[in-house]
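Chain residues, written in single-letter form:
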Amino acid sequence: MSRSPPLSLALPLALFFAVFVFLPLLLLIFVSVHDDSAMTVFGLGQYAKFLSDGFNLAVLGSTLLLGVKVVLLTLLFGYPLAYLYTLAPRRFQGPLMLLILLPLLTSSVVRTFAWVVILGRQGIVNNLLLQWGLIDMPLTLLYTPGGVSVALAQIELPLMMLPLITALSNIDPNLRQASLALGAGRWRTFFRVTLPLSMPGLLAGCLLVFASSVSAFVTQTLVGGGRNIFMPFYIYQQAIEANNYPFAAAVAVLLLAAVLLVVTTINLLGQRSKGYARG
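None of these values were measured; they are calculated from a predicted model.

This part covers the nonpolar core. Core analysis: the largest hydrophobic core is formed by 50 residues, its most contacted members being Phe50, Met231 and Val251. Counting only elements with at least two residues in this core, the list comes to α2 (45-51), α3 (54-87), α5 (108-119), α7 (145-169), α10 (199-214), α12 (231-241) and α13 (245-278). Take this core: its biggest share by element is 12 residues, from α13. Setting aside its immediate chain neighbours within four residues, methionine 231 contacts Phe50, Val59, Leu60, Thr63, Val251 and Leu255.

In structure tokens form, the structure reads like this:
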């Protein structure tokens with residue numbers, strides 16, 4: 001009879017999470033429950049201040065909407081690429097995986113500055129469109145919500161593809177062959193067999209991309225500029241520029257709560273998809 005490992009083996013990891021995750025989170029919550037910037041009066045005034053202001057709610061909504069846009073863009077390009085990866089011969093999968101992982105080896109700051117150059121008024125996109133005669137004046141691509149979404153989609157694309165590749169690679173090829181042999185076409189096989197069985201990887205990719213994109217301070221700030229205010233930059237403004245740490249902490253807690261709500265919803269969908277896949 002095998003013995004279960006002692007709980008003491010998990011003590012170092014539990015201590016690490018307690019010191020570097022839970023303790024800072026508790027400190028953040030403690031700072032947020034002060035009604036004044038000097039942190040002398042306890043209360044929930046900072047939360048009431050945020051939730052009662054339409055501008056604050058608009059910033060939160062635009063941040064969450066940005067995450068949804070980035071998820072849809074990465075899903076649009078990531079799923080076909082991941083599917084093609086699984087269909088590629090095994091000798092080509094190694095170089096393809098290197099190309100997928102290569103962007104992760106480059107700092108997101110460097111990739112963000114590359115997008116600033118690409119989307120600028122004198123950037124690559126505008127120069128090409130002008131040379132081809134498709135436009136007469138440079139387009140405003142930088143400092144727009146669309147520019148932020150495209151830049152983040154390229155940066156977060158590997159986070160969508162890796163879970164999808166894992167899920168698609170674990171699907172038994174005989175299931176597709178059996179579906180085709182029973183008379184189902186390729187599209188019907190995809191929607192009735194491949195897509196349901198890959199749903200856990202799809203939802204995991206959506207979760208990673210959403211959580212990463214809504215908190216991408218550097219890309220949101222550099223590509224979005226001052227015209228587009230998202231929650232990470234708003235927190236920075238309140239803490240560093242306005243020196244209002246309780247309000248900044250409350251904004252951070254509310255952003256965390258919103259992301260956790262989305263994560264919980266995705267996890268529930270993931271549990272249902274697993275049951276559907278088994279059925």
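Two numbers describe a pair of aromatic rings. These are the distance of the centres and the angle of the planes. Scanning the entire structure with this criterion turns up 13 aromatic pairs. Pairing phenylalanine 217 with tyrosine 236 gives two aromatic rings, centres 5.7 Å apart and planes at 50°, and the pair type is tilted. In this pair, phenylalanine 217 sits in helix α11 (residues 217-224) while tyrosine 236 sits in helix α12, placing the two residues 19 residues apart along the sequence. We classify phenylalanine 217 as partly exposed; its relative accessible area is 31%. On the accessibility criterion, tyrosine 236 (34% relative accessible area) is partly exposed. Cluster of aromatic residues (ring-pair linked, three or more members): Tyr79, Tyr83, Trp187, Phe190 and Phe191.

Moving on: α12. Counting buried positions over the 11 residues of α12 gives eight, a clear majority of the element. Backbone geometry just downstream of α12 places asparagine 243 in the positive-phi region, at approximately 60°.

Calculation criteria
- Residues numbered from 1 in each chain as written.
- Predicted model: local features only at pLDDT ≥ 70, side-chain atom pairs only at ≥ 80, totals over all residues.
- Heavy atoms only, no water.
- Core = buried A, V, L, I, M, F, W, Y, C linked by side-chain atoms within 4.5 Å.
- Buried < 20%, exposed > 50% of the residue type's maximum accessible area, 1.4 Å probe, protein only.
- Helix = DSSP H or I, 4+ residues; strand = E, 2+ residues; numbered from the N terminus.
- Contact = heavy atoms within 4.5 Å.
- Phe/Tyr/Trp six-rings, centres within 6.5 Å; stacked < 30°, edge-to-face > 60°.

Treat this as a map of the structure, not an account of what it does.
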